[in-house]
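# Commentary on secondary and tertiary structure
Listed below are the residues making up each chain.
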Amino acid sequence: MQPTSKIYIAGHRGMVGSAIERALLTSGFDNIVTRTSSELDLRNQQAVADFFEAQKPEYVFLAAAKVGGIVANNTYRADFIYENLMIEANIIHQAHVHKVAKLMFLGSSCIYPKMAPQPLKEDYLLTGLLEETNEPYAIAKIAGIKLCEAYHDQYGSNFISVMPTNLYGYGDNYNLHNSHVLPALIRKFHEAKEENKPTVEAWGTGSPKREFLFADDLAAACIFLMKNYNGRELVNIGTGQDLSIKELTELVAKTTGFEGEIKWDTSKPDGTPRKLMDVSKLHEQGWKHKIELPEGVALAYQDFLKNQETYAV
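Residues numbered from 1 in each chain as written. Predicted model: local features only at pLDDT ≥ 70, side-chain atom pairs only at ≥ 80, totals over all residues. Heavy atoms only, no water.

Another point: the overall build of the protein. Within the protein, the secondary structure is distributed over 10 helices and 13 strands. The C-alpha atoms of the protein give a radius of gyration of 19 Å, which matches the 20 Å a tight globule of 313 residues would have. Seen through its principal axes, the protein has C-alpha atoms that stretch 60 × 40 × 40 Å. Out of the 313 residues belonging to the protein, those deemed buried represent 52%. For the protein, the proportion of contacts with a sequence separation of at least 24, taken over those separated by at least 6, is 81%. Carbon and sulfur atoms provide 49% of the accessible area of the protein, an area that totals close to 14,000 Å². Of note, the protein has its 32 positive side-chain charges centred 1 Å away from the centre of its 39 negative side-chain charges. (Helix = DSSP H or I, 4+ residues; strand = E, 2+ residues; numbered from the N terminus. Rg over C-alpha atoms; globule rule 2.2 N^0.38 Å. Buried < 20%, exposed > 50% of the residue type's maximum accessible area, 1.4 Å probe, protein only. Contact = heavy atoms within 4.5 Å. Areas by Shrake-Rupley, 256 points an atom, 1.4 Å probe, with all protein chains shown as cover. Lys, Arg positive; Asp, Glu negative; His and termini not counted. Charge placed at Lys NZ, Arg CZ, Asp CG, Glu CD.)

The end-to-end C-alpha distance of helix 5 (residues 135-155) is 30 Å, a good match for the 30 Å that 21 residues give at a rise of 1.5 Å each. Restricting attention to buried positions, one finds in helix 5 the residues P136, Y137, A138, A140, K141, I142, G144, I145, C148, E149 and Y151. Those residues of helix 5 hidden inside the fold are in contact with helix 3 (70-75), helix 4 (77-97), strand 4 (102-106) and strand 5 (159-164). A positive backbone phi angle near 75 degrees is found at G156, which sits one or two residues after helix 5. (Expected span 1.5 Å × (residues − 1).)

When the UniProt feature table is mapped onto this chain, "site: Important for catalytic activity" (unreviewed entry) is found at S108 and C110. Checking the annotated residues one by one, the ones that line the largest cavity turn out to be C110. Tracing the sequence through the fold places S108 in the loop between strand 4 and helix 5. Residue C110 is classed as buried on the basis of its relative accessible area of 15%. Beyond its immediate sequence surroundings of up to four residues, C110 is in contact with N134, Y137, A138 and K275. (UniProt positions renumbered as here; feature names shortened; annotations may be inferred. 1 Å grid on protein atoms, 1.4 Å probe; cavity = no way out; pocket = protein on both sides within 12 Å on 5 of 7 lines; lining within 4 Å.)

The subject of this paragraph is the sheet that holds strand 5. The sheet built from 6 strands is open, its strands ordered 2-1-3-4-5-10 with parallel pairing. Since the sheet does not close on itself, it has two edges, and those belong to strand 2 (32-33) and strand 10 (235-237), each with one partner. (Pairing = 2+ DSSP bridges.)

Take S5: it is sitting in the segment before strand 1 (7-10). Judged by relative accessible area, S5 falls into the buried class, the value being 6%. Polar side-chain contacts of S5 include one of 2.8 Å to the backbone nitrogen of Q2. Contact partners of S5, with chain neighbours within four places excluded, come to N31, E58 and Y59. (Polar contact = N/O pair within 3.5 Å; in protein donor to acceptor, adjacent residues only side chain to side chain.)

Attention now goes to empty space enclosed by the protein. The full count for this structure, using the stated rule, is 1 cavity of 30 Å³ or more. There is about 40 Å³ of room inside the largest cavity. C110, Y112, P113, K114, Q118, L120, E131, T272, R274 and K275 together form the lining of the largest cavity. Of the residues that constitute the lining of the largest cavity, the class distribution is 4 nonpolar, 2 polar and 4 charged. (Points joined across faces, edges and corners; volume = space filled by probe spheres on them. Nonpolar A, V, L, I, M, F, W, Y, C, P; charged D, E, K, R; others polar.)

What follows is about the pattern of salt bridges. One pass over the structure, following the stated rule, counts 16 salt bridges. Across the pair R232 and E149 runs a salt bridge, and its minimum N-O distance is 3.6 Å. Of this pair, R232 sits in the loop between helix 7 (215-228) and strand 10 while E149 sits in helix 5; the two residues are 83 residues apart in sequence, bridging distant segments of the chain. Residue R232 is classed as partly exposed on the basis of its relative accessible area of 30%. Put simply, K197 and E195 hold a salt bridge, and the shortest N to O gap is 3.3 Å. The exposure class assigned to E195 is partly exposed, which follows from its relative accessible area of 47%. (Salt bridge = Lys/Arg side-chain N within 4 Å of Asp/Glu carboxyl O.)

Here's what the structure looks like:
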């Protein structure tokens, strides 16, 4: 991948896609192709075929997806499996048809089996039952990984897959109806502080453990692997470190300056007990994250404050 290579970022307005675009531009890549969802419906097979025919990208980062938290995943089950299947199938197939030099597909750590041993190794995929609340999304993402493997096996396509851990960062989703846990906590604690509320309610027991990676670190890892990794097997991208949701909640409260009480609503689901990534394969390739969680949460909160009129809807 050269600075002049034509690179298509699918999902460039999302947190991950925008981080990849920033990182590419910072590294001197200036031939980047993007389309908004209103300009190109990735669920539409013919529209995607026409786009690839017209643009002929050399490299593709497939970061486009329909995403959400526990409630959204469990409520809109048909939407999550259908839309994600269509997006990935259309892009991966057209990348093959138009002989793209290399494609990277981004999965998600939530597609590993619910009760898989910890830390999660790449070969644990499909060794057990999935977390029920996000099963449709997980099945769609697994299909994307298997599509890349199948095109690699049958046609020799250089299509690679990466498995990011839980992400946060600039441009995150702070809508409390469908956001992930960390941005939801940032918004909850900020608003509670602003409104002088004595308590903030958090979901579940606080005991599940989670790993978090700043999206700009993910982008750096993606570009590194796009340049250096050509294996058939997927690669985990994470920090290899986790903490309890209780510890995370207390960190966000401290970062936002909330000094009230945290109350736990144990009637709400916890989700998977633990999701820690084994990142030894990534480390062996020569890449390690740079932004630790306290620094990352502070950066994310400053971004929220700067853009809260846009984010907090």
